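# What the coordinates show
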Amino acid sequence: MADILISKLVKLYDNGYTAVKGIDLHIRDKEFMVLVGPSGCGKTTTLRMIAGLEDISEGEIRIGERVVNAVEPKDRDIAMVFQNYALYPHMTVYENMAYGLKLRQVPKAEIDAKVAEAARMLALESQLAKLPKALSGGQRQRVALGRAVVRQPKAFLFDEPLSNLDAKLRGEMRFELKTLQQRLQTTMVYVTHDQIEAMTLGDRITVMSVGEIQQVAQPTVVYDFPYNRFVAGFIGTPVMNFLDGTLRAEGDACAFAIDGGASVGLHMQHRQALAAAAGPGRVLGVRPEHLSHAGYTPTAPSATRIDADIAVIENMGDHQYVYLKVAGAAEPLVMKCSSHHRCAAGERIQINVDTAFAHVFLDGTDHAPNLTLPPGFAQQQ
């Protein structure tokens with residue numbers, strides 16, 4: 001078993017800065033868990049404490065059945081893959097992959113077999129005699145993966161391993177990492193600031209901010225049911241649109257009046273929770289794909305039409321992002337629509353706001369709770 005159980009984990013530095021603030025997290029056996037968040041949120045510090053590269057100020061870490069707080073990194077039975085590959089430049093690919101096994105005095109025949117199997121899995125069989133300088137960035141990262149794979153550890157730890165690669169290679173390596181995890185059936189903990197990596201790789205993702213966990217859930221749950229405004233604004237490309245205004249409730253009906261603008265009828269579940277929170281200073285969140293051009297899209301029963309002026313259009317090939325000026329909105333709203341929807345900057349159009357998928361937050365602060373979550377919604381899914 002290679003569950004990783006983190007309890008009340010704290011990292012306090014000598015200068016008084018608290019990087020990790022008493023977090024609890026259960027990473028399940030054979031799970032691909034992604035820690036995601038902006039720079040300085042504590043995700044890398046958490047990973048380094050799991051690896052034993054940072055001392056723990058308070059709390060406990062268990063790998064399997066063993067508390068590892070005082071266990072040396074080399075004795076934790078984990079393998080770590082770094083952002084900068086950390087390959088020995090004077091050693092061949094074979095020697096880099098075999099080095100850790102040689103230190104453990106594994107028999108040569110067993111080393112050869114393990115390196116050959118890892119090389120086959122990672123398409124490195126023709127590269128074994130080469131030095132790292134003769135390899136591409138993607139190949140070097142595969143060598144770093146192979147060096148970890150041959151050790152057959154209880155868990156793999158990844159510290160932003162794809163950040164040095166170009167967009168095409170990142171896409172290829174995401175596929176290879178997910179395939180590798182499915183083959184090996186082992187626990188993987190992966191740190192990134194890239195939400196696309198988080199959403200595509202993770203069985204579950206842990207969203208962190210200012211040293212605290214904001215939400216732990218499957219990627220689709222985090223996307224569809226963000227726990228607070230920070231999660232809603234961090235996960236999603238482009239980011240969720242936010243509108244300040246007043247939440248109004250009359251009987252079973254709810255509406256959101258944009259400050260200085262139109263009123264938007266809210267056609268969503270859990271209206272009782274919304275009605276209880278009616279008042280000014282609320283925030284309406286709508287994702288770009290839930291705005292649509294009324295001239296091309298019929299108005300759904302759960303949608304409201306409002307006027308908007310087109311500011312900028314970004315063509316992305318099969319779709320486009322249309323930036324809209326809406327009365328009362330402090331920032332332009334972003335609408336995702338088909339590239340076949342013909343529109344031009346400066347044009348006034350009507351847009352459908354599908355509020356069946358909208359969210360209402362108590363206020364504009366990062367940790368403002370999402371008032372539209374289903375009853376009994378748990379933070380860790």
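In this report, the structure presented in the accompanying data block is examined.

Thresholds applied
Residues numbered from 1 in each chain as written. Predicted model: local features only at pLDDT ≥ 70, side-chain atom pairs only at ≥ 80, totals over all residues. Heavy atoms only, no water. Helix = DSSP H or I, 4+ residues; strand = E, 2+ residues; numbered from the N terminus. Buried < 20%, exposed > 50% of the residue type's maximum accessible area, 1.4 Å probe, protein only. Contact = heavy atoms within 4.5 Å. Areas by Shrake-Rupley, 256 points an atom, 1.4 Å probe, with all protein chains shown as cover. Lys, Arg positive; Asp, Glu negative; His and termini not counted. Charge placed at Lys NZ, Arg CZ, Asp CG, Glu CD. Pairing = 2+ DSSP bridges. Expected span 1.5 Å × (residues − 1). Arc of directions from axis to C-beta. Axes fitted to C-alpha atoms, helices over the stretch in contact; angles between N-to-C directions. Parallel < 35°, antiparallel > 145°, perpendicular 65-115°, else oblique. Left-handed = near helix turned anticlockwise from the far one by under 90°. Nonpolar A, V, L, I, M, F, W, Y, C, P; charged D, E, K, R; others polar. Phe/Tyr/Trp six-rings, centres within 6.5 Å; stacked < 30°, edge-to-face > 60°. Lys NZ or Arg CZ within 6 Å of the ring centre and 35° of its normal. Core = buried A, V, L, I, M, F, W, Y, C linked by side-chain atoms within 4.5 Å.

### Observations concerning the overall build of the protein
Across its full length, the protein holds nine helices and 20 strands. Based on the C-alpha atoms only, the size of the protein along its principal axes is roughly 75 × 45 × 35 Å. Taken across its 381 residues, the protein has 50% of its residues classed as buried. Taking the contacts inside the protein whose residues are at least 6 apart along the sequence as the reference set, 66% of them involve residues at least 24 apart. In the form shown here, the protein has an accessible surface area of approximately 17300 Å², with 51% of it arising from carbon and sulfur atoms. The averaged location of the 42 negative side-chain charges in the protein is 5 Å from the averaged location of its 39 positive side-chain charges.

### Comments concerning the pairing of strand 2 (residues 18-27)
Sheet topology note: the strand 1 (residues 4-12)/strand 2 ladder contains seven bridges and is antiparallel. Its bridge partner lying in strand 2, leucine 9 is registered against isoleucine 23. In this structure, the hairpin formed by strand 1 and strand 2 is closed by a connection of five residues, where glycine 16 is found at a positive phi of approximately 95°.

### Side note on helix 3 (residues 108-121)
Taking 1.5 Å of rise per residue, 14 residues should cover 20 Å, and helix 3 covers 20 Å from first to last C-alpha, within 8% of that figure. Among all positions in helix 3, only Ile111, Lys114, Val115, Ala118, Ala119 and Met121 are buried. What you see down the axis of helix 3 is that its buried residues fit within an arc of 160°, all on one side. As for helix 3, its buried residues are in contact with helix 2 (93-103), helix 4 (137-149) and helix 5 (167-184).

### Quick notes on the packing of helix 4 against helix 5
Running from N to C, helix 4 and helix 5 point in directions that differ by 15°, and their axes come no closer than 11 Å. As far as their axial angle goes, helix 5 and helix 4 are roughly parallel. Helix-helix and strand crossings are classified by hand; for helix 4 and helix 5 the assignment is right-handed. Within the contact between the two elements, helix 4 uses Gly138, Gln141, Arg142, Leu145 and Val149 and helix 5 uses Leu169, Met173, Glu176, Leu177, Leu180 and Leu184. Split into classes, the residues belonging to the contact of helix 4 with helix 5 amount to seven nonpolar, two polar and two charged.

### Description of the packing of aromatic side chains
Taken as a whole and judged by the stated rule, the model has six aromatic pairs. Ring centres 5.9 Å apart and planes at 45° place the aromatic pair phenylalanine 32 and tyrosine 190 in the tilted group. Taken together, the residues span a long stretch of sequence, with phenylalanine 32 in strand 3 (residues 32-36) and tyrosine 190 in strand 8 (residues 187-192) at a distance of 158 residues. Tyrosine 190 gets classed as buried once you look at its relative accessible area, which sits at 0%. For the pair tyrosine 88 and tyrosine 99, a centre-to-centre distance of 5.0 Å together with 65° between the ring planes defines the contact as edge-to-face. In this pair, tyrosine 88 is assigned in the loop between strand 6 (78-81) and helix 2 and tyrosine 99 in helix 2, connecting sequence segments 11 residues apart. Accessibility expressed as a relative area gives 33% for tyrosine 88, which makes it partly exposed. Note on tyrosine 99: relative accessible area 29%, which makes it partly exposed. Taken together, the ring pairs in this structure connect Phe32, Phe156, Phe158 and Tyr190 into an aromatic cluster. Its guanidinium or amino end placed over the ring of tyrosine 13, lysine 11 lies 5.0 Å from that ring's centre, counting from NZ or CZ.

### Observations regarding the nonpolar core
Among the nonpolar cores identified, the biggest contains 48 residues, and Val34, Met97, Leu145, Phe158, Tyr190 and Val207 are the most heavily contacted of them. Not counting residues within four places of it along the chain, the set of residues in contact with phenylalanine 158 comprises Leu47, Val81, Leu145, Leu177, Met188, Val189, Tyr190 and Val191.

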